[in-house]
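Chain and residue survey
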Amino acid sequence: MQSASLSNNGEAPTGAGRIQRAGSLAEDVYEAIFAQLMSLKIAPGSRITVDNLVKEFDVSHTPIREALGRLEGEGLVLKTHLIGYRAAPQITRRRFDELYEMRLLLEPHGAAKAAATMDEAKLGTLLEAAGVMSRREGKDERLRYSNFARQDAIFHDRIMEYAENELIRETLGFQHTHFHIFRLMYHSRVTEEALDEHEAILAAFGSADPDAAAKAMRAHIEHSRDRLLPAFD
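The present account deals with the structure reproduced in this document. (Residues numbered from 1 in each chain as written. Predicted model: local features only at pLDDT ≥ 70, side-chain atom pairs only at ≥ 80, totals over all residues. Heavy atoms only, no water.)

**Focus: the nonpolar core**
In this structure, Ile33, Ile159 and Phe205 are the most contacted members of the largest nonpolar core, which totals 66 residues. Contacts of Ile33, omitting those with residues within four sequence positions, involve Ile42, Leu53, Phe57, Ala67, Leu68 and Leu71. (Core = buried A, V, L, I, M, F, W, Y, C linked by side-chain atoms within 4.5 Å. Buried < 20%, exposed > 50% of the residue type's maximum accessible area, 1.4 Å probe, protein only. Contact = heavy atoms within 4.5 Å.)

Take a look at the structure:
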């Protein structure tokens, strides 16, 4: 497991490189901070200083604050009055167990329901979201990891959308489950093995087989849990 190194005052490190301005500046800043949070370059619970990020990315305060506000809405950043921003603390073992218990109760059933109404358009959307077509793209391991964390969240959210139970979908989304789980361990195994499991889920959807979809989803969630348990050792 890799963790972020902090300076002596407990702040997140700086100097990772300036933002490239090819696209939206606010979006680029958000993606850069998101990648640092997901890969543990900014450690859970560590202070995030706006001025340090301004210097690191060579941008003004406005896009930094916009990005941090967006990350706060996603549960990855906390803002305290008169103190400022911190990365959200790591989830506890108890919370981890509760999240996986909830997922095992809800997601296999949702996958079965989605498989029963699967069509080519939905399957195409899931194939794109699953990340299997771009699994070898990019040399920046930190960026690939953070990108897959988002792809994984979208993939699972789409399945719950196709299961047509909005309450379950909202419940899982509100927990920001995938972002918090992916922050437990920054390791290529987390993505590569998950991609293999996504392929198995897609195969079940391609066959429109509810039982196979439920079984593949259950196996995926159980394997994800087992991969990340060592983070609590």
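**Things to note about the pairing of strand E2 (residues 77-80)**
Note: E2 against strand E3 (residues 84-87), 4 bridges, orientation antiparallel. When the bridges of E3 are listed, Leu78 appears paired with Arg86. Hairpin connection, E2 to E3: the antiparallel pair is bridged by 3 residues, and Leu82 has positive phi, about 70 degrees. (Pairing = 2+ DSSP bridges. Helix = DSSP H or I, 4+ residues; strand = E, 2+ residues; numbered from the N terminus.)

**Observations regarding the side chain of Glu74**
Checked against the element boundaries, Glu74 lands in the loop between helix H3 (61-73) and E2. No salt bridge is formed by the buried Glu74; its nearest oppositely charged neighbour, Arg70, is found at 4.3 Å. Leaving out residues up to four positions away in the same chain, Glu74 has contacts with Tyr30, Phe34, His176 and Phe179. (Lys, Arg positive; Asp, Glu negative; His and termini not counted. Salt bridge = Lys/Arg side-chain N within 4 Å of Asp/Glu carboxyl O.)

**Concerning empty space enclosed by the protein**
This structure, assessed with the given rule, holds 2 cavities of 30 Å³ or more. What the largest cavity holds in volume is close to 100 Å³. What lines the largest cavity is Tyr100, Arg103, Asp152, His178, Ile181, Phe182, Val190, Ala194, His220, Ser224, Arg227 and Leu228. Contributing elements (two or more residues each) for the lining of the largest cavity: helix H4 (93-116), helix H8 (177-182), helix H9 (188-206) and helix H10 (210-228). When residues of the lining of the largest cavity are assigned to their parent elements, the largest contribution, 4 residues, is made by H10. Class assignment for the residues of the lining of the largest cavity results in 6 nonpolar, 3 polar and 3 charged. (1 Å grid on protein atoms, 1.4 Å probe; cavity = no way out; pocket = protein on both sides within 12 Å on 5 of 7 lines; lining within 4 Å. Points joined across faces, edges and corners; volume = space filled by probe spheres on them. Nonpolar A, V, L, I, M, F, W, Y, C, P; charged D, E, K, R; others polar.)

**Considerations on H9**
Over its 19 residues, H9 runs 27 Å from end to end, which matches the ideal 27 Å to within 8%, given 1.5 Å per residue. Within the sequence span of H9, burial applies to Val190, Thr191, Glu192, Ala194, Leu195, Glu197, His198, Ile201, Leu202, Ala204 and Phe205. Residues of H9 that are buried in the fold lie against H4, helix H5 (120-130), helix H6 (141-162), H8 and H10. Ala208, located one to two residues past H9, shows a positive phi value of around 50 degrees. (Expected span 1.5 Å × (residues − 1).)

**A closer look at the packing of helix H1 (residues 25-38) against helix H2 (residues 50-57)**
The interhelical angle for the contact between H1 and H2, taken along N-to-C directions, is 110 degrees, at an axis separation of 12 Å. In terms of orientation, H1 and H2 fall into the roughly perpendicular class. Where H1 crosses over H2, the handedness of that crossing is right-handed. Residues Ala32, Ile33 and Gln36 of H1 lie in contact with H2, whose contacting residues are Leu53, Glu56 and Phe57. Residues belonging to the contact of H1 with H2 are distributed by class as follows: 4 nonpolar, 1 polar and 1 charged. (Axes fitted to C-alpha atoms, helices over the stretch in contact; angles between N-to-C directions. Parallel < 35°, antiparallel > 145°, perpendicular 65-115°, else oblique. Left-handed = near helix turned anticlockwise from the far one by under 90°.)

**A word on H5**
Residues of H5 that are buried: Lys122, Leu126, Ala129 and Ala130. The buried residues of H5 occupy one face: seen down the axis, they fall within an arc of 95 degrees. What points out from H5, more than 90 degrees from its buried face, is the exposed set Glu120, Ala121 and Glu128. Where H5 starts, the residue carrying a side-chain oxygen 3.2 Å from the main-chain nitrogen of Ala121 turns out to be Asp119. Of the residues trailing H5, Gly131 is marked for its positive phi of about 85 degrees. (Arc of directions from axis to C-beta. Polar contact = N/O pair within 3.5 Å; in protein donor to acceptor, adjacent residues only side chain to side chain.)

Keep in mind that these numbers describe shape and distance, not what the molecule does.
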